[in-house]
Amino acid sequence: RCAFTYYCSKECQVNHWKLPRHGHKITCRKKGEFLEGDQVKTSKEVETAPAGTSVILVKKLEGNMWRVSSGHGKLDGCELSGDLLRVVAPSEKRYDDVIDTAFAN
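What counts, and where the lines are drawn
Residues numbered from 1 in each chain as written. Predicted model: local features only at pLDDT ≥ 70, side-chain atom pairs only at ≥ 80, totals over all residues. Heavy atoms only, no water. Helix = DSSP H or I, 4+ residues; strand = E, 2+ residues; numbered from the N terminus. Buried < 20%, exposed > 50% of the residue type's maximum accessible area, 1.4 Å probe, protein only. Contact = heavy atoms within 4.5 Å. Areas by Shrake-Rupley, 256 points an atom, 1.4 Å probe, with all protein chains shown as cover. Salt bridge = Lys/Arg side-chain N within 4 Å of Asp/Glu carboxyl O. Pairing = 2+ DSSP bridges. Axes fitted to C-alpha atoms, helices over the stretch in contact; angles between N-to-C directions. Phe/Tyr/Trp six-rings, centres within 6.5 Å; stacked < 30°, edge-to-face > 60°.

## Looking at the overall build of the protein chain
Link 1 in the chain: The helix and strand inventory of the protein chain stands at three helices and five strands.
Link 2 in the chain: What you see in the protein chain, going N to C, is helices and strands ordered as α-α-β-β-β-β-β-α.
Link 3 in the chain: When burial is assessed residue by residue, the protein chain has 27% of its 105 residues classed as buried.
Link 4 in the chain: Considering only contacts in the protein chain between residues 6 or more positions apart, those separated by 24 or more positions represent 36%.
Link 5 in the chain: Surface exposure of the protein chain reaches about 7,400 Å², of which carbon and sulfur atoms provide 54%.

## A closer look at the pattern of salt bridges
Link 1 in the chain: The full count for this structure, using the stated rule, is one salt bridge.
Link 2 in the chain: Across the pair R67 and E79 runs a salt bridge, and its minimum N-O distance is 2.9 Å. One end of the pair, R67, is in strand β3 (residues 65–69); the other, E79, is in strand β4 (residues 79–81), and 12 residues separate them in sequence.
Link 3 in the chain: We classify R67 as partly exposed; its relative accessible area is 30%.

## Considerations on the sheet that holds strand β1 (residues 39–42)
Link 1 in the chain: In space, the five strands of this open sheet follow the order β4-β3-β2-β1-β5, with antiparallel pairing throughout. Each end of this open sheet is capped by a strand with a single partner; those strands are β4 and β5 (85–87). Here the average twist between neighbouring strands, direction ignored, is 55°.
Link 2 in the chain: Bridging between strand β2 (residues 54–60) and β3 involves four bridges; their strand directions are antiparallel. Bridge pairing in β3 places I56 opposite S69.

## Some details on the packing of aromatic side chains
Link 1 in the chain: With the rule as written, the count across this model stands at one aromatic pair.
Link 2 in the chain: Arranged with centres 6.4 Å apart and planes meeting at 85°, the rings of F34 and W66 form a pair that is edge-to-face. Taken together, the residues F34 in the loop between α2 (24–27) and β1 and W66 in strand β3 connect sequence positions 32 residues apart. When sorted by exposure, F34 lands in the same class as W66, which is buried.

Here it is in structure tokens:
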């Protein structure tokens, strides 16, 4: 369905699907499918933010538009097209969380 996550075996895939809080069943998205609260990255430069800037989808607007929050002011409150966004892989989310925490001060 998503072709985003790869597994070493069918058994690992089934086990990950069933995990209650972070299982693939909860996080799986088709290409271009987003939900409010998803962490995504920009695929192109937007205003003053470079490609690859992490944002949180705050609210679905008309058409394929989203109001976003970046947490660092560059894109807070901006309206972006879903065509400019890509879902962040779970491993990338964990990495970003570590980096954000390390450089918070």
